[in-house]
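In case you want the letters, here they are:
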Amino acid sequence: PHGAGGAQGHEAHEHPFWSGSVQLNGVCTRALLTEVLRALPSSILRLKGVVATDEGMLTVQYVAGRLRISPYAGDEVASSLVFVGVGDPQPTRIAAQLRMAQVS
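Reference entry: report on the structure contained in this document. (Residues numbered from 1 in each chain as written. Predicted model: local features only at pLDDT ≥ 70, side-chain atom pairs only at ≥ 80, totals over all residues. Heavy atoms only, no water.)

Comments concerning the pairing of strand 4 (residues 66-71)
Cut-off, in case you're wondering: Here, any two strands with at least 2 DSSP bridges between them count as paired. Each helix is a run of DSSP H or I of at least 4 residues and each strand a run of E of at least 2, with the numbering of both proceeding from the N terminus.
Sheet topology places strand 3 (residues 56-63) next to strand 4; six bridges connect them, and they run antiparallel. Along strand 4, the bridge assignment pairs Q61 with R68. Here strand 3 hands over to strand 4 after two residues, with A64 in that stretch at a positive phi of 45 degrees.

See below:
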């Protein structure tokens, strides 16, 4: 017997979370970036990164539908976003959706 539940061995427990990232090589407008981020499906729990925009580099923080975009004041970095979702994994679709914020 192993533990109170009688579990034996190493059972595989799949968790419902998945993650992805996208490099943005173009420039985004803040308005289009905001529109694209607000259109993310509810399966996206967390997203963050730094994005090159028409207003300069911006920090993006998205948590469970709450979006915060602010000026980026750190060292020079590549424009990219990382995200975590739940449910059916769809990192390729989400990355393509995020790339739609680029205008150049």
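There's more to say after this.
As for the packing of aromatic side chains
Put simply, the test is: Any two of the Phe, Tyr and Trp rings considered here, Trp counted by its six-membered ring, make a pair once their centres fall within 6.5 Å; the pair's planes then place it as stacked at under 30 degrees, edge-to-face at over 60, or tilted in between. Accessible area is worked out with a 1.4 Å probe on protein chains only. A residue is then buried under 20% of its type maximum, exposed over 50%, and partly exposed in between.
Following the criterion strictly, the structure yields one aromatic pair and no others. Residues W18 and F83 carry aromatic rings whose centres are separated by 6.2 Å and whose planes lie at 80 degrees to one another, so their mutual orientation is edge-to-face. Here the residue W18 occupies a position in strand 1 (residues 17-23), and F83 occupies one in strand 5 (residues 80-86), the gap between them amounting to 65 residues. With a relative accessible area of 9%, W18 lands in the buried category.

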